Amino acid sequence: MARMKFICDAERCIECNGCVTACKNEHEVPWGVNRRRLVTVNDGKPGERSISVACMHCNDAPCMAVCPVDCFYKTEEGVVLHDKDLCIGCGYCFYACPFGAPQFPQAGAFGLRGKMDKCTFCAGGPEENSTEAEFKKYGRNRLAEGKLPACAEMCSTKALLAGDGNVIASIYKQRAKTRKKGPEVWGWAMAYKEDANIAAQEVKS
Amino acid sequence: MSRSLMVVAAAAAVMLAACGEIDQTAKTEKVYAGKKDARAADGSQFGGDKKKWEATLAQRSNAQNEYLRTDVKK
């Protein structure tokens, strides 16, 4: 089993917020906490693009590196999870994360910052699988039920893919080949820079 | 002469003291300090059968590829 990953296909995302809603509903996430959200670039202008962003379950996760109480761990499938019983809500992980994934409850008075909450890849947390305790702290454990994250399974255009990194990468590759697009694809120049022409020929061949 | 040189050297040493770079790389590997988590396949649905769990998940992952479902020529 390879590592669990998300890919968001910017050519397909229609900014419907279905993934955000699915996540909120599935885990009964409290007000002010957004495990997943949509980021739109050039909103309202021709060629705008949206991508769905949550915890990317990094191989070398910076949140794990900075946590002063070492409450993060990685599952066999590469999902980055944390123990809420140990978290002190210091917010270091929030500053370290390049995706803004760690979230803190903000419903309390006097700027109260509770324990960190983030996308679990629908894999729950360090409690017995599929129990009330696990649901209350971390949300539903769909992975233990043999299901993929709710956000990806709910995505109507299948822009958001989740699962084994090798499988979803091959799905994305097939899409890229079928589209037969090259440098005109959003983000191409950012990804390949001066190698844009070479990479375009590789995709078209 | 040698005394003034010593004063200059001492002043330079004090002023340049902050210019050195201290290695800030963590020396020890981080170790998870929380509770142990059960594996995803250990739930009641799969009863620890990881192969079955992986097969179920692979089937779900591949179901995201509509090219496989619509019989479009690759």
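Since the model is a prediction, treat every value here as computed from it, not as a measurement. (Residues numbered from 1 in each chain as written. Chains lettered and ligands numbered in written order. Predicted model: local features only at pLDDT ≥ 70, side-chain atom pairs only at ≥ 80, totals over all residues. Heavy atoms only, no water.)

Caption draft 1: Layout of the interface of chain A and chain B. With 45 residues of chain A at the contact, the number on the chain B side is 28 residues. Summed over the shared surface of chain A and chain B, the result is nine salt bridges. Across the pair Arg 60 of chain B and Glu 153 of chain A runs a salt bridge, and its minimum N-O distance is 2.7 Å. Counting every contact that joins chain A to chain B gives 16 residue pairs in polar contact (both at pLDDT 80 or more). When contributions to the side of chain A that touches chain B are tallied by element, the ones reaching two or more residues are helix H2 (62–66), strand E4 (72–74), helix H5 (150–154), strand E6 (160–164) and helix H6 (165–179) of chain A. The class makeup of the residues in the side of chain A that touches chain B is 23 nonpolar, seven polar and 15 charged. (Contact = heavy atoms within 4.5 Å. Salt bridge = Lys/Arg side-chain N within 4 Å of Asp/Glu carboxyl O. Polar contact = N/O pair within 3.5 Å; in protein donor to acceptor, adjacent residues only side chain to side chain. Helix = DSSP H or I, 4+ residues; strand = E, 2+ residues; numbered from the N terminus. Nonpolar A, V, L, I, M, F, W, Y, C, P; charged D, E, K, R; others polar.)

Caption draft 2: Region of interest: the pairing of strand E1 (residues 4–8) of chain A. Residues and elements named next belong to chain A. With burial as the criterion, only one face of E1 is covered, namely that bearing Met 4, Phe 6 and Cys 8; the residues Lys 5 and Ile 7 on the opposite face remain uncovered. Looking at chain direction, E1 and E6 are connected through five bridges and run antiparallel. Bridge assignment links Phe 6 to a residue of E6, and that residue is Ala 162. (Buried < 20%, exposed > 50% of the residue type's maximum accessible area, 1.4 Å probe, protein only. Pairing = 2+ DSSP bridges.)

Caption draft 3: Here's a closer look at the state of the cysteines. All names here are of chain A. Tallied over the entire structure, the rule returns zero disulfides over all chains. The closest cysteine sulfur to the non-disulfide-bonded Cys 67 is located on Cys 71, 3.8 Å from its own sulfur. Unpaired in this structure, Cys 97 has its nearest cysteine sulfur neighbour in Cys 58, at a distance of 6.4 Å. Exposure remark for Cys 97: the relative accessible area of 16% places this residue in the buried category. (Disulfide = S-S within 2.5 Å.)

Caption draft 4: Seen up close, H6 of chain A. The first and last C-alpha atoms of H6 of chain A sit 21 Å apart over 15 residues, in line with the 21 Å expected at 1.5 Å per residue. Within H6 of chain A, burial applies to Gly 165, Val 167, Ile 168, Ile 171, Gln 174 and Arg 175 of chain A. The elements touched by buried residues of H6 of chain A are E1 and E6 of chain A together with helix H2 (50–62) and helix H3 (66–69) of chain B. Between the side-chain oxygen at the start of H6 of chain A and the backbone nitrogen of Asn 166 of chain A there is a gap of 3.1 Å, and the oxygen is on Asp 164 of chain A. (Expected span 1.5 Å × (residues − 1).)

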